[in-house]
There are 2 protein chains.
Amino acid sequence: MARTGRRPGVSGTREAILDAARRAFAEQGYQQATVRGVAELAGVDPALVHHYFGTKQELFVAAVQLPVNPVEQLAAVLADDPDLVGRRLAETFLSIWDHAADQSPLLALVRSAVGDEHAAAMLREFITEEVLGQIARRLGSPDARLRAALVGSQVVGLMMARYIIRVEPLASAPAAQVAAAIGPTLQRYLTGDLGAVATRP
Amino acid sequence: MARTGRRPGVSGTREAILDAARRAFAEQGYQQATVRGVAELAGVDPALVHHYFGTKQELFVAAVQLPVNPVEQLAAVLADDPDLVGRRLAETFLSIWDHAADQSPLLALVRSAVGDEHAAAMLREFITEEVLGQIARRLGSPDARLRAALVGSQVVGLMMARYIIRVEPLASAPAAQVAAAIGPTLQRYLTGDLGAVATRP
């Protein structure tokens, strides 16, 4: 970034930090990467990274260009009535992605995770630590992590079917209809009966 | 394929047909591609394509190297007790993919659909015509296609979470436990109450 010998402005510094963050997350994974390491790669002080982007989690959200911070959104939904969380989660997800002016960063993230083992590990670690971890802590039950992962499977599947493969009529069904269909699934995964394991005679 | 001037043997002819099929499906989509067109591309008689591979649907399954024909599997599951279809569908899916000696063709198919618009269209058309169409015909209800697409969303999401992103503990949970959790979701999407559309005051 200092190749031209000019001092970078604020936006140049921000971009350099984001570039360094993308490299660090992709190469070391979400868990191993640190704000300190990103700062070193970008040639700036760690305090500056914190100043511009906050925590590692917030830096990740900025680096992969998500339109909203899923961790914050999730916190808001989980603070709601526990019996309504499934429906609210479906509605929030649909409202964000249906209205995202640019869905391409999300699609790029899913594409890279599907196409590349490092990117898959990065996404897996972020989802496991920040997203599923938050749900699991909130639930507090012994099977909380499995429950959270089941929620993740339906949400990722909806993303694939509605926004990526675009299977009709799911791709253009009204959000309210989709939320009504998906909500109870998420609710059951979070707080319902996960069913007895089948035994074969 | 005739570049060396040698007459290809049976396996050479089969490979030439599969190559032509992959090209035809990728370039024209599943709907537009025809057995006749594939035969022409491969430089063989259409009867030979039918002889080796059967219908267009079976040719597609062979071309993308799926370990089983999902359309046939689905037919067997749908012929079962309607109240058990969700569970049986989950069990069948898990048993096939958990035991697939080589999951890479499936992963390659999902990767290409996520990374490339043509491949996404091809997969969308195959799923819509052959998989969801079959479920919808069996259900016969007016919302059958939406129901089938919802089933697809959970199945694709499970595939992503368990086999591609490999989120724990879902990736290594016993199949029976996962089927017990996912089965009722599929059952509800197929035959259950999809919920009233929320109205906001």
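Let me sum up the structure you'll find in this document.

Counting secondary structure elements, chain A contains 10 helices and zero strands. The secondary structure elements of chain A, listed N-terminal to C-terminal, are α-α-α-α-α-α-α-α-α-α. Reported as C-alpha extents along the three principal axes, the dimensions of chain A are approximately 70 × 40 × 35 Å. A burial count over chain A gives 50% of its 201 residues as buried. A fraction of 64% describes how many contacts in chain A between residues 6 or more apart in sequence connect residues 24 or more apart. Carbon and sulfur atoms form 54% of the exposed surface of chain A, whose accessible area is close to 9500 Å².

Residues and elements named next belong to chain A. Overall, the coordinates contain eight salt bridges over all chains when judged by the stated rule. Here aspartate 19 ties to arginine 22 by a salt bridge, and the two come within 3.0 Å at their closest N and O atoms. Of the two residues, aspartate 19 and arginine 22 are both situated in helix H1 (residues 10-32); the distance of three residues between them amounts to about one turn of the helix. You can call aspartate 19 partly exposed: its relative accessible area is 44%. On the basis of relative accessible area, arginine 22 is assigned to the partly exposed category, the value being 28%. Across the pair aspartate 98 and arginine 162 runs a salt bridge whose closest N-O atoms are separated by 2.7 Å.

Glancing now at the relation of the copies chain B and chain A. Superposition record for chain B on chain A: RMSD 0.0 Å, screw rotation 180°, translation along axis 0.0 Å. Expressed as an axis order, the relation between the two copies is that of a two-fold axis. Taking C-alpha positions as the reference, the residue of chain B nearest the rotation axis is Gly157(B), at 1.7 Å. Here 100% of the interface residues in chain B have copies in chain A that are interface residues too; the copies meet face to matching face.

For the bond running from Glu168(A) to Pro169(A), omega is 5°, close enough to zero to count as cis. Inspection of the secondary structure assignment puts Pro169(A) in the loop between helix H9 (144-164) and helix H10 (175-191). Despite not being glycine, Arg166(A) has its phi angle at roughly 55°, a positive value. The phi dihedral of Gln65(B) falls on the positive side, at around 60°, and the residue is not glycine. Looking at the element boundaries, Gln65(B) is found in the loop between helix H4 (56-63) and helix H5 (70-78).

Let's shift gears to helix H2 (residues 35-42) of chain A. Residues and elements named next belong to chain A. Within H2 the residues assigned to the buried category are Val35, Val38, Ala39 and Ala42. All buried residues of H2 fall inside an arc of 100° around its axis, so they share one side. Residues of H2 that are exposed and point more than 90 degrees away from the buried face comprise Arg36 and Glu40. Tucked inside the fold, the buried residues of H2 contact H1, helix H3 (46-53) and helix H4 (56-63).

Our next topic: the packing of aromatic side chains. For the structure on display, the rule yields 14 aromatic pairs over all chains. Taking the centre distance of 5.2 Å and the plane angle of 80° together, the rings of Tyr30(B) and Phe60(B) count as edge-to-face. Of this pair, Tyr30(B) sits in helix H1 (residues 10-32) while Phe60(B) sits in helix H4, and the two are 30 residues apart along the sequence. Comparing Tyr30(B) with Phe60(B) shows no difference in burial state: the two are buried. Positioned above the aromatic ring of Tyr52(A) is the side chain of Arg14(A), whose terminal nitrogen or guanidinium carbon lies 5.8 Å from the ring centre.

In this section: the side chain of Arg162(A). Residue and element names in this part refer to chain A. Within the fold, arginine 162 resides in helix H9. Separated by 2.9 Å, the side chain of arginine 162 and the backbone oxygen of alanine 173 make a polar contact. If we ignore the near neighbours within four places in the chain, the residues touching arginine 162 are Leu94, Asp98, Leu170, Ala171, Ala173, Pro174, Ala175 and Val178.

Residue and element names in this part refer to chain A. Interhelical geometry of H4 versus helix H8 (residues 117-139) gives an angle of 135° and a closest axis separation of 12 Å. Considering their axes alone, H4 and H8 lie oblique with respect to each other. In terms of crossing hand, the pair formed by H4 and H8 is left-handed. Taking contact as the criterion, the partners of Gln57, Phe60 and Val61 in H4 are, on H8, Met122, Phe126 and Glu130. Tallied by class, the residues present in the contact of H4 with H8 amount to four nonpolar, one polar and one charged.

This part is about the nonpolar core. Note on soluble globular proteins: their nonpolar side chains tend to be buried together. In terms of nonpolar packing, the biggest core is built from 141 residues, with Phe25(A), Leu59(A), Met160(A), Phe25(B), Leu59(B) and Met160(B) touching the most fellow members. If you tally residues by element for this core, the top one is helix H9 (residues 144-164) of chain B, at 13 residues. In contact with Phe25(A), not counting residues within four places along its chain, are Tyr30(A), Ala33(A), Lys56(A), Leu59(A), Phe60(A), Ala63(A) and Met122(A).

Bringing the interface of chain B and chain A into the picture now. Counting residues at the interface gives 47 residues for chain B, matched by 47 residues for chain A. Roughly 3900 Å² is buried in total at the junction of chain B and chain A, and carbon and sulfur atoms are behind 64% of that figure. Of all residues in chain B, Val114(B), Leu146(B) and Ile165(B) bury the most surface against chain A, accounting for 15% of the area lost on that side. Counting every contact that joins chain B to chain A gives zero salt bridges. Applying the counting rule to chain B against chain A returns 16 residue pairs in polar contact (both at pLDDT 80 or more). Elements with a minimum of two residues in the side of chain B that touches chain A: helix H6 (85-99), helix H7 (104-115), helix H8 (117-139), H9 and helix H10 (175-191) of chain B. Here the side of chain B that touches chain A takes 12 residues from H9(B), the largest share from any one element. A class-by-class count of the residues in the side of chain B that touches chain A yields 29 nonpolar, eight polar and 10 charged.

Rules used in this analysis
Residues numbered from 1 in each chain as written. Chains lettered and ligands numbered in written order. Predicted model: local features only at pLDDT ≥ 70, side-chain atom pairs only at ≥ 80, totals over all residues. Heavy atoms only, no water. Helix = DSSP H or I, 4+ residues; strand = E, 2+ residues; numbered from the N terminus. Buried < 20%, exposed > 50% of the residue type's maximum accessible area, 1.4 Å probe, protein only. Contact = heavy atoms within 4.5 Å. Areas by Shrake-Rupley, 256 points an atom, 1.4 Å probe, with all protein chains shown as cover. Salt bridge = Lys/Arg side-chain N within 4 Å of Asp/Glu carboxyl O. Least-squares fit on C-alpha atoms with pLDDT ≥ 70 in both. Arc of directions from axis to C-beta. Phe/Tyr/Trp six-rings, centres within 6.5 Å; stacked < 30°, edge-to-face > 60°. Lys NZ or Arg CZ within 6 Å of the ring centre and 35° of its normal. Polar contact = N/O pair within 3.5 Å; in protein donor to acceptor, adjacent residues only side chain to side chain. Axes fitted to C-alpha atoms, helices over the stretch in contact; angles between N-to-C directions. Parallel < 35°, antiparallel > 145°, perpendicular 65-115°, else oblique. Left-handed = near helix turned anticlockwise from the far one by under 90°. Nonpolar A, V, L, I, M, F, W, Y, C, P; charged D, E, K, R; others polar. Core = buried A, V, L, I, M, F, W, Y, C linked by side-chain atoms within 4.5 Å. Buried area = accessible area lost by both parts, 1.4 Å probe.

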